Amino acid sequence: MSLLSSDAVDRLRDAFRSIGYLTDPVLEAIGEQGQRGLGRNTTVAASCALDAREDREKGIAAAAQDPLSAVIRLWLLRQPVPVAELSALPMEDLVAAGIVAVDGDLARGEVDIRPYGSPDDGADGWVVSDSTPGLDRVITRTRPDYVLGVSPASTSLAQMTSRRRVGSALDLGCGCGVQSLHLARHAGRVIATDVNPRALEMAELTLALSGAGTADSSDDGPAAASAGRPVELRQGSLFEPFRGPTPERFDLIVSNPPYVMSPPRPAAERLTYREAGFEGDGLVEAVVRGVPDHLAEGGTAQILANWAVLGDQPWQERLAGWVAGTGCDLWVVERESLDVHEYIETWLTDAGLDGSPSWHDRYTEWLGYFARLGITGVSMGWLTLTDAGRSQPDLSFESWPWAIQQPVGPAIGQHREGVDDAQLADPQLLAGRWKVRDDVICESTSRPGAAGPEHIVYRQHTGLCRAMEVDTLLGGVLGACDGDLALGTIIEVVASILEADADQATAEVLPRVRTALREGFLVRC
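On a predicted model such as this, the values are computed, not experimentally measured, just so you know. Every chain is numbered on its own, with residues counted from 1 as its sequence reads. Per-residue local features are limited, in this predicted model, to residues with pLDDT of at least 70; the limit for side-chain atom pairs, both in listing and counting, is 80 or more; totals at the level of whole chains, interfaces and linings are taken over all residues. The side-chain figures draw on all heavy atoms in the structure; neither hydrogens nor water molecules are used.

Colleague: Explain the overall build of the chain here, please?
Modeller: Counting from the N terminus, the helices are the DSSP runs of H or I reaching at least four residues and the strands are the DSSP runs of E reaching at least two. Each helix and strand in the chain was counted, giving 17 helices and 19 strands. It is over C-alpha atoms that the radius of gyration is taken, and the globule rule equals 2.2 Å times the number of residues to the power 0.38. Its C-alpha radius of gyration of 26 Å places the chain within 12% of the 24 Å reference for a compact globule of 525 residues. Overall size of the chain, expressed as C-alpha extent along the three principal axes, is 90 × 60 × 55 Å. Burial status across the chain gives 50% buried among its 525 residues. Considering only contacts within the chain whose residues lie at least 6 apart along the sequence, 69% involve residues at least 24 apart. On the chain, roughly 23900 Å² of surface is accessible, and the fraction owed to carbon and sulfur atoms is 50%. For the exposure calls, accessible area comes from a 1.4 Å probe over protein chains only, and a residue counts as buried if that area is under 20% of its type's maximum, exposed if over 50%, partly exposed in between. The contact definition used throughout considers only heavy atoms, calling two residues in contact when any of these lie within 4.5 Å. Computed with the Shrake-Rupley method and a 1.4 Å probe, the accessible areas treat only the protein chains shown as cover for residues.

Colleague: Explain the pairing of strand S4 (residues 112-117) to me, please; I cannot follow it from the model alone.
Modeller: Two faces belong to every sheet, and in a regular strand the side chains alternate between them. Strand pairing follows a simple DSSP-based rule, namely that at least 2 bridges must link the two strands. Two strands pair when backbone bridges link them, and S4 and strand S5 (residues 124-129) are joined in this way by 6 bridges, in the antiparallel orientation. Looking across to S5, one finds that Pro115 is bridged to Trp126. Linking S4 back to S5 in an antiparallel pair, the connection comprises 6 residues, with Gly122 at a positive phi of about 85°.

Colleague: Can you help me understand the pairing of strand S7 (residues 187-194) in this one?
Modeller: Burial within S7 is extensive, with 6 of its 8 residues counted as buried. Judged from the 6 bridges that link them, strand S6 (residues 166-172) and S7 form a sheet pairing that is parallel. Across the sheet, residue Asp171 finds its bridge partner in S7, namely Ala192. Seen with the strands pointing away from the viewer, any crossover whose path from the first strand over the helix to the second strand runs clockwise is right-handed. In this region the chain leaves S6, passes through helix H7 (residues 178-183) and returns to the parallel neighbour S7; the handedness of that crossover is right-handed. With 5 bridges joining them, S7 and strand S9 (residues 231-235) adopt parallel strand pairing. Looking at the pairing, Val190 lines up with Val231 of S9.

Colleague: When you look at the side chain of Asp329 in this model, what are you seeing that I'm missing?
Modeller: Looking at where Asp329 falls in the secondary structure, it is placed in strand S12 (residues 329-339). A residue is classified by how much of its surface remains accessible, and Asp329, at 7% relative accessible area, is buried. A distance of 2.7 Å separates the side chain of Asp329 from the side chain of Arg390, its partner in a polar contact. Here a polar contact means two N or O atoms within 3.5 Å. Within protein one must be a hydrogen donor candidate and the other an acceptor candidate, and residues neighboring in sequence count only if both atoms are side-chain atoms. A polar side-chain atom of Asp329 sits 2.8 Å from the main-chain amide nitrogen of Asp394.

Colleague: Which parts of the structure should I look at to understand a negative patch on the surface?
Modeller: Exposure above 30% relative accessible area and the lack of any salt bridge qualify a residue for a patch; like charges then connect within 9 Å, and the nonpolar side chains Val, Leu, Ile, Met, Phe, Trp and Tyr within 5 Å. Salt bridges are identified by distance alone: a Lys or Arg side-chain nitrogen within 4 Å of an Asp or Glu carboxyl oxygen. Only four residue types enter the tally: Lys and Arg on the positive side, Asp and Glu on the negative side, with His and both chain ends excluded. Every charge is mapped onto a representative atom, which is NZ of Lys, CZ of Arg, CG of Asp or CD of Glu. On the surface, Glu336, Asp339, Glu342 and Glu345 cluster together into a negatively charged patch. Inspection of the secondary structure puts Asp339 in strand S12. Looking at Asp339, the relative accessible area reads 36%, which means it is partly exposed.

Colleague: Would you take a moment to explain the environment of Asp251 for this structure?
Modeller: Structurally, the position occupied by Asp251 is in strand S10 (residues 250-255). In the structure, Asp251 is positioned 117 residues away from Gly134 in sequence and 38 Å away in space, judged by C-alpha atoms. In this structure the side chain of Asp251 is engaged in a polar contact, spanning 3.0 Å, whose partner is the backbone nitrogen of Gly167. Looking at Asp251, its side chain comes within polar contact range of the main-chain nitrogen of Ser168, at 3.0 Å.

Colleague: I keep staring at helix H12 (residues 359-373) and nothing clicks. Help me out?
Modeller: Helical geometry note: an α-helix holds 3.6 residues per turn, so side chains three or four residues apart project in the same direction. Its 15 residues place the ends of H12 21 Å apart at the C-alpha level, agreeing with the 21 Å of an ideal helix rising 1.5 Å per residue. If you follow the buried residues of H12, they end up packed against helix H11 (340-350) and strand S13 (375-386). Directly after H12, the chain includes Gly374, whose backbone phi takes a positive value near 75°. Multiplying one less than the number of residues by 1.5 Å gives the expected span of a helix.

Colleague: I'm lost on the nonpolar core in this one. Help?
Modeller: Soluble globular proteins: nonpolar side chains tend toward being buried together. Here the nonpolar core consists of buried residues drawn from Ala, Val, Leu, Ile, Met, Phe, Trp, Tyr and Cys, with membership extended through side-chain atoms lying within 4.5 Å. Counting 60 residues, the largest nonpolar core has Tyr343, Phe370 and Trp382 as its most contacted members. Looking at this core element by element, the count peaks at 8 residues for strand S11 (residues 295-310). When sequence neighbours within four positions are dropped, the list of residues in contact with Trp382 reads Met160, Ile303, Leu304, Trp331, Val332, Val333, Arg335, Ile404, Val408, Ile412 and Leu464. Within the second largest apolar cluster, 59 residues are counted, among which are Leu4, Val26, Ala29 and Leu252.

Here it is as structure tokens:
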């Protein structure tokens, strides 16, 4: 696929806007059932919704054409569409670029272009990628240089990324470019890299169509602010594009690396978007070990990845070893854990091997590979590294399989601040003025007729949705934390009301206040 010229991009964007090929109109056209069907990788419900829509249009105007339905069928449903129904599109440009193929009177989409919109930060536009494999249960082998579109993983990474304004950001392994669409809105400079040249081509078109655009390394000029700053694209594996006497450093690095732990295959047979030829979780380890050399002072890296569980060794111990000596904080949240069979079946299916004669042989190959490496399970989750400048880096590991409230990025972005505050010396902590985070509510439960509550729980309604059970003393202290009084004063007052010794109350409350700060129940005023 060759790229469209800037004029052709403008023509295509104008056509999309003219016919309403935007997120909300498309969702309205295919209906809720169609949306859920596409989520299951089936097109029947969406196609039925478009049939009904087209019938209504014909009832209003004889021989009416519905260009929006035609474009949805072309790309989202991957159906052949009469060329005459696509007259609203710049077909000559699309065919010349290899984006659409024409055979006789019918056109087919050769790649996928679909509207994208994020209510979280306003990033929107169109994402260009390869078509989703396995649509309508049609199993085909995935090409080695396949470019994945917006997926649950990429959506998770976008939602977990802190959207605080930063001077520079790196999209490491950018794929179709969706993370860069978000980064361009809150970073002064964005660089996106990928080892797959085809991914960079599609990312370039994604960014151009969506108004973010791309820039050469020599382009230091001002950029349009409406859709974000231009993104610089570089080809190379991991941190290779930044090799030099002085490593380039970034305030924010995001990555959803190709972390699938498949048995080694020849490079021509590997699926680049998910496999990189490393042994086990070696690629994720390489990313984590390489990040500290490219973080600016105070910078953060956010990584969505898998990592192996080896025998009886705690995974926390392994991951701590990856950052030993770097000086970086590490916060790991394990969101899911799979046994080797669940993991293997997931990725064999993803590779389009369901129902194929090679399924059993490949399954056996994976099992032997895992046994040789000692892999007994696989964890999936979030890794956050921060160059916090601590003499003693903070290492935190937790399993959190429970429901969260997306986007979780603000809570993750606040974590470093919470750790900073939780580590204050006692005098500073007591002199501080803190407040309960705005989304936290206090719940109390009791048995009917009881004189008072049996349980008091502070519960977050955004982010990780943590809960903290408190007693009367801590509940009284937290309840008074509104930013007006210093913590020490609040403890003294509550202790006096409860007729408790103030020093003893302070010694009892402070460790739990530190936990409340670390976990985001209390924040700075």
